[in-house]
Amino acid sequence: MADIQAFAKILDDAATGPKAVAQLSHANQYSIADAYAIQKDLVGRRLGRGAHRVGMKMGFTSRAKMVQMGLFDMIWGRLASDMVLEDGGPMPFAKYVHPRVEPEIAFLLKRDLVGRITPVEALAAVEAIAPAMEIIDSRYDNFKFALNDVIADNSSSSGFVTGAWHSPAIDFANLGLLLNLNGAPKQIGSTAAILGHPLRSLVAAARFAEQAGEPLKAGWIVMAGGATAAEALAPGQYVELEMQHLGRVAFIVQG
Ligand code: OOG
Ligand code: MG
């Protein structure tokens, strides 16, 4: 039996340190269900410090992300208010272990979204869509982990930033995107890389959230998952995502 609270504390200390720790799976055996229980306890510690829940993130929804990390199952994590970065604002590098950025698309929900739904039902619950970047920061040494490890670590979530919100009437199935670091394109892709259509990620999110007993709520943000591989961040960088029809979103890495 995994010691859920002890593992959550190790990961919480690693995040707040910030200081990388060894993969939990190196010395322990624990199930995927245990991993989600650890994640819940871990995020509960953030909430206990005053943050509030603002949504959910999906992970490994594109081939590029799966290949980069060597894991091929969808995962999810809990988004909290202390992970929100301001568009165009600073990203305090020293608060992270070894952060990376990845281009995503974000959904803002206008209705609760519960359980097994169709893509059409999912779209009807979307208030707006925005170009978004996620800052992932594995708390494990060398950014390496097994599936249960990354799930326990809240699926590496540590920050996210959303650009201007747009009507979901815009066809977002296949929007071109560029992830620029200091003005140079580092990743080029399309929203179609996310499960063929990012709406499928929202459908999956609703299912996972219900299974976890925490169904998606009106007002929440759902991050669809990285459309390309992630890029390592370094102090001084100007990081910008440019997405067809949806515009730009940016932040500055403070050293
Ligand atoms: C795990 C999180 C994956 C995504 O968008 O695919 C993820 C990681 O790569 O560290 O956020
Ligand atoms: Mg992500």
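Residues numbered from 1 in each chain as written. Chains lettered and ligands numbered in written order. Predicted model: local features only at pLDDT ≥ 70, side-chain atom pairs only at ≥ 80, totals over all residues. Heavy atoms only, no water.

Draft legend 1. Looking closely at the coordination of the magnesium ion (ligand 2). Looking at the metal site, the magnesium ion (ligand 2) is ligated by Glu102 (OE), Glu104 (OE) and Glu134 (OE), spaced 1.9 to 2.0 Å from it. Positions of the donor residues of the magnesium ion (ligand 2), expressed as sequence spacing, correspond to E-x1-E-x29-E. Owing to a relative accessible area of 3%, glutamate 102 belongs among the buried residues under this scheme. (Donors = N, O, S within 2.8 Å, 3.2 Å for Na, K, Ca; no water. Buried < 20%, exposed > 50% of the residue type's maximum accessible area, 1.4 Å probe, protein only.)

Draft legend 2. Up close: the site of ligand 1. Around ligand 1, 17 residues are found, and the nearest of them are Lys57, Lys65, Glu102, Ser156 and Gly226. A distance of 3.0 Å separates an oxygen atom of ligand 1 from a polar atom in the side chain of glutamate 104. Within the contact set of ligand 1, an oxygen atom lies 2.7 Å away from a backbone nitrogen or oxygen of glycine 226. If ligand 1 stood free it would expose 320 Å²; the protein chains cover 100% of that surface. Listed by contribution, the elements that provide at least two residues to the shell around ligand 1 are β1 (53-59), α3 (63-69), β4 (100-109) and β5 (126-136). Considering every element that reaches the shell around ligand 1, the biggest residue donor is β1, with 3 residues. Its residues placed into classes, the shell around ligand 1 shows 7 nonpolar, 5 polar and 5 charged. (Near = heavy atom within 4 Å. Polar contact = N/O pair within 3.5 Å; in protein donor to acceptor, adjacent residues only side chain to side chain. Areas by Shrake-Rupley, 256 points an atom, 1.4 Å probe, with all protein chains shown as cover. Helix = DSSP H or I, 4+ residues; strand = E, 2+ residues; numbered from the N terminus. Nonpolar A, V, L, I, M, F, W, Y, C, P; charged D, E, K, R; others polar.)

Draft legend 3. Region of the structure containing the packing of helix α1 (residues 4-16) against helix α2 (residues 32-48). One way to put it is that α1 packs onto α2 with a least axis distance of 8 Å and a crossing angle of 55 degrees. Here α2 runs oblique to α1, going by the angle between their axes. Here the hand of the crossing between α1 and α2 comes out right-handed. When α1 is examined against α2, the residues Ile4, Gln5, Phe7, Ala8, Lys9, Leu11 and Asp12 are found in contact with a partner set consisting of Asp34, Ala37, Ile38, Asp41, Leu42 and Arg45. Its residues placed into classes, the contact of α1 with α2 shows 7 nonpolar, 1 polar and 5 charged. (Axes fitted to C-alpha atoms, helices over the stretch in contact; angles between N-to-C directions. Parallel < 35°, antiparallel > 145°, perpendicular 65-115°, else oblique. Left-handed = near helix turned anticlockwise from the far one by under 90°. Contact = heavy atoms within 4.5 Å.)

Draft legend 4. Summary view of the pairing of strand β8 (residues 184-190). As paired elements, strand β7 (residues 176-181) and β8 share 6 bridges and run antiparallel to each other. Its bridge partner lying in β8, leucine 179 is registered against glutamine 187. Connecting β7 to the antiparallel partner β8 that follows it, the hairpin turn spans 2 residues, and asparagine 182 within it adopts a positive phi of roughly 50 degrees. (Pairing = 2+ DSSP bridges.)

Draft legend 5. Quick look at the pairing of strand β2 (residues 75-80). Most of β2 sits inside the fold, with 6 of its 6 residues counted as buried. Two strands pair when backbone bridges link them, and β1 and β2 are joined in this way by 6 bridges, in the antiparallel orientation. Looking at β2, one finds that methionine 58 is bridged to tryptophan 76.

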